[in-house]
Amino acid sequence: MIHDHIKVWNNVLEQVKGSLNVEDFMRWFIPLKPLRMEGSVLIVEAPNEFLVERLEENYIDILRKGIRSEIGEKGQLKYQYIKTNNVAKNSFQSPVRVSHPSRHTTSTPVSAYNPFVMPGLKKMDIDSNLNPNYTFENFIEGSCNRLARQAGIQIGKDPGKNFNPLILYGNVGLGKTHLIQAIGNSIAKNFPEKTVIYTSAEKFTHQFINSVKDNRTNEFSQFYNGLDALIIDDIQFLAGKSGTQEIFFHLFNHLHQKGKQIILTSDRAPHELKDIEDRLVNRFKWGLSTDLTAPDYETRMAIIIAKMEDRGIKIPEKIIDFICLNIKNNIRELEGIITSLIAQSTINQRKLDIELAQEVIKSYTSKANHELTPDEILEFVCTESHVSAALVKGKSRKGPVAQARHLSIYFIKKHLSHLTLKEIGEAFGGKDHSTILHSIKAVDIQMETDKIFRDKVEDFDKKLGKTLRIK
Ligand code: ADP
Ligand code: MG
């Protein structure tokens with residue numbers, strides 16, 4: 001039977017994970033990288049001999065068990081060290097045993113001459129696109145995100161080394177974007193000389209398409225190849241976009257080989273990604289992929305308290321408890337409720353009591369009853385498109401703003417079909433019905449002719465349905 005080294009190792013890790021606490025697991029196991037199978041021997045790369053010896057001392061039994069259950073009784077593990085350029089060549093009798101292995105020096109790949117980096121040239125001034133408000137400090141840790149947050153903190157201190165790539169996946173509103181931007185901010189702060197870029201897979205795709213159109217793909221590649229850390233949000237958007245996948249594949253290899261950090265998010269686990277080439281998905285498994293799950297009660301509580309404190313507001317514990325019990329699956333929703341509560345109590349001078357909390361929650365959960373509002377759809381589209389709602393309601397005709405406007409209007413018409421064009425116009429700062437009609441038509445026409453756009457709209461719509469619980 002032929003074993004796939006990555007699969008074998010991932011399955012071993014799955015087993016091991018259950019018997020350890022998160023910190024130990026990350027410290028001792030995550031730095032190991034599966035390289036290949038040689039018969040029933042799995043070769044993994046370890047950063048140093050120290051780590052292997054500690055593993056030996058403490059975890060030999062669980063590791064042996066994992067290896068045997070995956071490969072069979074003959075299953076063995078061999079290590080290859082990264083930095084010493086030595087390969088441990090001993091065949092071990094037990095799955096893990098390191099006793100002064102004989103070493104064979106391997107040739108080190110000499111870092112290739114890079115024609116784009118001129119010696120002495122200062123770092124280009126590039127906008128990282130990072131939102132400075134997303135930090136580790138204001139990202140509350142709970143069991144739902146501990147591994148991801150801790151791995152992120154490590155990356156911030158030592159990018160490109162341990163978890164490369166890092167992939168965070170999970171449903172909307174659980175903190176993926178916040179966390180990857182926090183990592184980016186931390187890298188930028190700790191290593192001011194490094195160039196960090198945050199972008200969405202969608203933006204990346206459009207940039208690439210435009211570069212093809214303008215005959216500037218070289219510049220496009222040159223730019224991305226020169227980064228020290230590349231952070232791409234919502235990678236599922238690359239589904240079916242084979243040209244962009246191709247260029248991303250090469251970019252990934254290039255950066256990874258140079259030890260540059262890659263951080264990605266996705267709405268689902270890498271192996272569940274559809275219409276993404278196997279060779280890419282396989283690379284996604286090289287590092288650490290971990291999911292963000294819905295926060296438990298204590299974490300929800302801590303998040304609410306932190307957000308309140310942030311705004312200098314205190315609310316009775318009874319109310320916090322009430323919100324926690326009612327909102328379970330989406331931190332963005334928790335935030336929205338807090339914002340509404342604060343607005344109601346400060347602007348409308350309402351008393352912050354259970355009754356008000358009930359009302360605010362009801363207006364949120366009414367989505368389940370199809371009492372969706374145009375503003376909620378608008379908010380969703382704006383957040384997803386990374387543009388401000390105020391701009392979308394205004395007159396700007398800038399590409400992304402106009403597109404978010406068209407899409408919001410299109411979805412409002414679709415999901416709130418009882419609204420008249422005039423009523424929709426009112427939700428957009430008093431636009432007339434012909435403007436609204438124009439937006440709807442613009443989306444319809446583009447969907448007919450542009451497959452990427454159609455996929456995007458369908459993707460959006462699915463996510464919108466999930467987030468706003470449209471039945
Ligand atoms: P996703 O990208 O998974 O859809 P976001 O990163 O956009 O989620 O998070 C939604 C909102 O919830 C953001 O405003 C973010 O700051 C907040 N949030 C998510 N997780 C946490 C957390 N653990 N602590 C504090 N705020 C959080
Ligand atoms: Mg996000």
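Below is a summary of the structure that appears in this document. Given the structure is predicted, the values throughout are model-derived calculations rather than measurements.

Analysis parameters
Residues numbered from 1 in each chain as written. Chains lettered and ligands numbered in written order. Predicted model: local features only at pLDDT ≥ 70, side-chain atom pairs only at ≥ 80, totals over all residues. Heavy atoms only, no water. Helix = DSSP H or I, 4+ residues; strand = E, 2+ residues; numbered from the N terminus. Axes fitted to C-alpha atoms, helices over the stretch in contact; angles between N-to-C directions. Parallel < 35°, antiparallel > 145°, perpendicular 65-115°, else oblique. Left-handed = near helix turned anticlockwise from the far one by under 90°. Contact = heavy atoms within 4.5 Å. Nonpolar A, V, L, I, M, F, W, Y, C, P; charged D, E, K, R; others polar. Phe/Tyr/Trp six-rings, centres within 6.5 Å; stacked < 30°, edge-to-face > 60°. Buried < 20%, exposed > 50% of the residue type's maximum accessible area, 1.4 Å probe, protein only. Pairing = 2+ DSSP bridges.

Section: unusual backbone geometry
Cis rather than trans, the peptide bond between Asn 164 and Pro 165 has omega equal to 0°. A positive phi is found at Asn 215, a non-glycine position, where the angle reads about 60°. Residue position: Asn 215 is located in the loop between helix H6 (201-213) and helix H7 (217-225). With a phi angle near 55°, Asp 275 is a residue other than glycine that sits in the positive phi range. In this structure, Asp 275 sits in the loop between strand E9 (261-266) and helix H9 (278-284).

Notes on the packing of helix H16 (residues 399-415) against helix H19 (residues 451-467)
Describing two packed helices takes the angle between their axes plus the distance from one axis to the other. For the pair H16 and H19, interaxial distance at closest approach is 12 Å and the crossing angle is 55°. Here H19 runs oblique to H16, going by the angle between their axes. When you trace H16 past H19, the crossing you get is right-handed. Contacts from Gln 403, Leu 407, Tyr 410, Phe 411, Lys 414 and His 415 of H16 reach H19 at Phe 453, Lys 456, Val 457, Phe 460, Asp 461 and Leu 464. Its residues assigned to classes, the contact of H16 with H19 comprises seven nonpolar, two polar and three charged.

Remarks on the packing of aromatic side chains
In total, this model carries 14 aromatic pairs according to the counting rule given. Relative to Phe 220, the ring of Phe 208 has its centre 5.5 Å away and its plane inclined at 55°; by these criteria the two rings are tilted. Note that Phe 208 is positioned in helix H6 and Phe 220 in helix H7, a separation of twelve residues in sequence. Classification of Phe 208 by relative accessible area gives buried; the value is 10%. Phe 220 gets classed as buried once you look at its relative accessible area, which sits at 8%. Relative to Phe 252, the ring of Phe 248 has its centre 6.2 Å away and its plane inclined at 75°; by these criteria the two rings are edge-to-face. A residue pair is termed a helical-turn pair when its members lie 3 or 4 positions apart in one helix, as Phe 248 and Phe 252 do in helix H8 (residues 242-257) at four residues. Here Phe 248 and Phe 252 have matching classes, each one buried. Following the ring pairs from residue to residue traces out a cluster consisting of Phe 204, Phe 208, Phe 220, Phe 223, Tyr 224, Phe 248, Phe 252, Phe 284 and Trp 286.

What about the sheet that holds strand E10 (residues 288-291)?
Taken in spatial order, the five strands make up an open sheet running E7-E8-E9-E6-E10, and their pairing is parallel. Strands at the two margins of the open sheet, each flanked by one partner only, are strand E7 (196-200) and E10. On average, each strand axis in the sheet is inclined to that of its neighbour by 15°, with strand direction left out of account. Where E7 lies against strand E8 (residues 229-233), five bridges are found, and the strand directions are parallel.

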